[in-house]
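Structural features, examined
As a plain string of letters, each chain reads:
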Amino acid sequence: MEMPVGEKKMRREGKRSWDEIRNDFPVLQQNIREHPLAYLDNAASSQMPQDVIDRLVWYHSAEHSNVHRGVHTLSQRATRAYDQAREKVAQFIGAPDPKECIFTSGTTEGINLVAHGFGRAFVDEGDTILVSALEHHSNIVPWQMLCEEKGATVEVIPMNDRGELVLDDLDELLDGSVKLVCVNHVSNALGTVNPVKEIIDRAHQREIPVLVDGAQAVPHMAVDVQELGADFYAFSGHKMCGPTGIGVLWGRRKWLEKMQPYQGGGDMILSVTWEGTTYNDIPFKFEAGTPSIAAAIGLGEAIDYLDAIGMDRIARREAELLDMATQRLSAMEGVRLVGTAEDKASVISFDIDGIHPHDIGTILDNEGIAIRAGHHCAQPVMDRLGIPATARASLAFYNRELDIDQLVAGIYSVKEIFGV
Ligand code: 7TS
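So, here is what we can say about the structure in this document.

The rules behind the values
- Residues numbered from 1 in each chain as written.
- Predicted model: local features only at pLDDT ≥ 70, side-chain atom pairs only at ≥ 80, totals over all residues.
- Heavy atoms only, no water.
- Phe/Tyr/Trp six-rings, centres within 6.5 Å; stacked < 30°, edge-to-face > 60°.
- Helix = DSSP H or I, 4+ residues; strand = E, 2+ residues; numbered from the N terminus.
- Buried < 20%, exposed > 50% of the residue type's maximum accessible area, 1.4 Å probe, protein only.
- 1 Å grid on protein atoms, 1.4 Å probe; cavity = no way out; pocket = protein on both sides within 12 Å on 5 of 7 lines; lining within 4 Å.
- Points joined across faces, edges and corners; volume = space filled by probe spheres on them.
- Nonpolar A, V, L, I, M, F, W, Y, C, P; charged D, E, K, R; others polar.
- Domains from an automatic or database assignment.
- Polar contact = N/O pair within 3.5 Å; in protein donor to acceptor, adjacent residues only side chain to side chain.
- Contact = heavy atoms within 4.5 Å.
- Near = heavy atom within 4 Å.
- Areas by Shrake-Rupley, 256 points an atom, 1.4 Å probe, with all protein chains shown as cover.
- Sits in = over half its atoms within 2 Å of the grid points.
- Axes fitted to C-alpha atoms, helices over the stretch in contact; angles between N-to-C directions.
- Parallel < 35°, antiparallel > 145°, perpendicular 65-115°, else oblique.
- Left-handed = near helix turned anticlockwise from the far one by under 90°.

1. A look at the packing of aromatic side chains
Scanning the model with the defined rule gives 11 aromatic pairs in all. Each ring, one from Phe25 and one from Tyr398, has its centre 4.5 Å from the other, and the planes form 50°; the classification is tilted. Of this pair, Phe25 sits in the loop between helix H2 (18-22) and strand S1 (31-32) while Tyr398 sits in the loop between strand S17 (390-394) and helix H15 (401-418), and the two are 373 residues apart along the sequence. The exposure class assigned to Phe25 is buried, which follows from its relative accessible area of 0%. An aromatic cluster is present here, built from Trp18, Phe25, Tyr305, Phe397 and Tyr398 joined pairwise through their rings.

Written out as C-alpha cells, the structure is:
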C-alpha cells in the first residue's frame, strides 16, 4: 500500500515562492491573541510542513508496527521506511555510510552517548575535555559529569565580547592531555557560526578527535560532515521541520566500533546467553529497544522537504531576513544586540535598557509574537557577557518580512509600556 502523493508532488515541483512555501505550514496560519502569529522561536523548535504531518498520519494509519523483528507485512513496511529514513539522513549530511548514523532522541542524547561510549573508553584521570565558551548546556554538563567520574578536567576555548571564539591560544590549549574537543557549529544563544573546520584541522594535527554539536546548523545551511572532517556530529529533528523525539548522532566507524553501547536491551545484540552477550553491529549497537519509528520516518520526510527547497537557497533567504532584522533592531534606541559576530546565522539576541527579557517576551506574546527569553540553556555565555538573560528572535526560511515588522512594532509597544 503506497501513500498517495498527489498534493505533495505539487508542493515539490518547480521553484516556489517563499509565500507558497510558508503556506505549507498549517501552524503558521493562525492568529494568536488576535494577531497573525509571528513565529520567531525556531531555534527552540521549528514547525512541521503538511508533508511531514501527512507522512506521520500515513505511518500511523497504514504502516505502524515494530521494526527489524517481524516477518509480517506491516513490520516489513515500517522497517523499510525506517531504514530509508537513515539513508536520507546520511545523504543529507554527506555521511559516507548510513550505518554511521545513529538515531537518538535528539542532540542531547547524541552527546551523552559519546560522553558515555567514548568517555568510558578513552578518558582517564588527568585528561582534559576541551569545550568552547559558546556551548549549550547539553554540550557542557555531560562532560562535567564524565570528568567528575574520571578525575579529568573541562577546559574552555574562550570567546570575545562579540560572541566569537578566540583561537589565538588554541594550540597551547590542545596539549597532550586533551582527549576530545567539543564545539557547536552555530551558537543557539547568539547565532555565531563557529570556525569548526579550522578547529577540527588544528585538533587533528595533534590527532585529537572533535565532536560538533550541529543542532543549530543542520536546519540552516548545507552541512557535509566529511568536508568538515568532524569525528562526531549531533543534531535534532525538531529544529529542522521534523518531529520531536528524534535526532541523529553521526560518528566515524573507527570510533563507534571501539565505543561501548550506551544502553543494553533488545535490538542491540547478536546473541545473549547467561555467559555473556555479543553486541550487534553499528548503528544497532547504540539503538537499544524500540526506537521512535514514526519520528524517524517523519525526519526522513522533513529532509526530503528541505532538499526540495535546497539548503543553499534556505541559507540565502535566512541571511536576508537576519540582515533585515539586524538593521531594524540596531536602529532602535535603547535596544542592544547581544552577539555581533561577523559570521552569524538565524539568531538575533537582544536586550532593552531597564527591561527584563521575560517582560519583553510576555508583552510580545500579547501581540502574537513568539520569541524566547532567558539564558537559552547557555548560562556560561550569559555569565561571560555579564548579563542574566536575553530576548531572542530566531528565524526560519518560512518567516517573512512582515514577521520582522511585527517584531519591531512589538518592541515599540514594550518600550512604550515601560516608558523607555
Ligand atoms: N545544542 C544546541 C546548540 C541547541 O541549540 C540545543 C537546543 C541543543 C543542543 C539541545 O537539543 P535537544 O533537541 O536535545 O533539546 N536549543 C534550544 C534553544 O536554543 N531553545 O530551546 C532549545
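2. Quick look at empty space enclosed by the protein
For the coordinates displayed, the defined rule picks out 1 cavity of 30 Å³ or more. Of the voids in this model, the largest cavity is the one considered here, and its volume is about 50 Å³. Around the largest cavity sit Ser46, Pro219, His220, Lys239, Met240, Cys241, Leu306, Glu318, Ala396 and Phe397, which together line it. Grouping the amino acids of the lining of the largest cavity by side-chain chemistry returns 6 nonpolar, 2 polar and 2 charged. Shared between two domains, the lining of the largest cavity takes at least three residues from each, and those domains are domain 1 (6-48 + 310-418) and domain 2 (59-307).

3. Details of the side chain of Asp403
With respect to the helices, strands and loops of the structure, Asp403 is situated in helix H15. Here Asp403 falls in the buried class, since its relative accessible area comes to 0%. There is a polar contact of 3.5 Å between the side chain of Asp403 and the side chain of Arg22. Those residues within four positions of Asp403 in sequence are excluded, and the remaining contacts are Arg22, Leu37, Ala38 and Leu40.

4. Points about the site of the ligand
Near the ligand there are 16 residues, and of these Thr108, Asp213, Gln216, Ser236 and Arg372 occur at the shortest range. Between Asn188 and the ligand, the recorded distance is 2.9 Å, taken from a side-chain N or O atom to an oxygen atom. The side chain of His238 places a nitrogen or oxygen atom 2.7 Å from an oxygen atom of the ligand. Within the complex, the protein chains bury 88% of what would otherwise be the 490 Å² of accessible surface of the ligand. Mapping the ligand onto the cavity grids shows that it belongs to the second largest pocket. Taken domain by domain, the shell around the ligand gets at least three of its residues from each of domain 1 (6-48 + 310-418) and domain 2 (59-307).

5. Let's talk about the packing of helix H5 (residues 107-122) against helix H6 (residues 141-150)
Two elements in contact, H5 and H6, have axes whose closest approach is 9 Å; the angle formed by their N-to-C orientations is 25°. One element, H5, and the other, H6, form an angle in the roughly parallel class. In terms of crossing hand, the pair formed by H5 and H6 is right-handed. Two secondary-structure elements touch here, H5 through Ile111, Asn112, Val114, Ala115, Gly119 and Arg120 and H6 through Pro142, Trp143, Leu146 and Lys150. Grouping the constituent residues of the contact of H5 with H6 by class yields 6 nonpolar, 2 polar and 2 charged.

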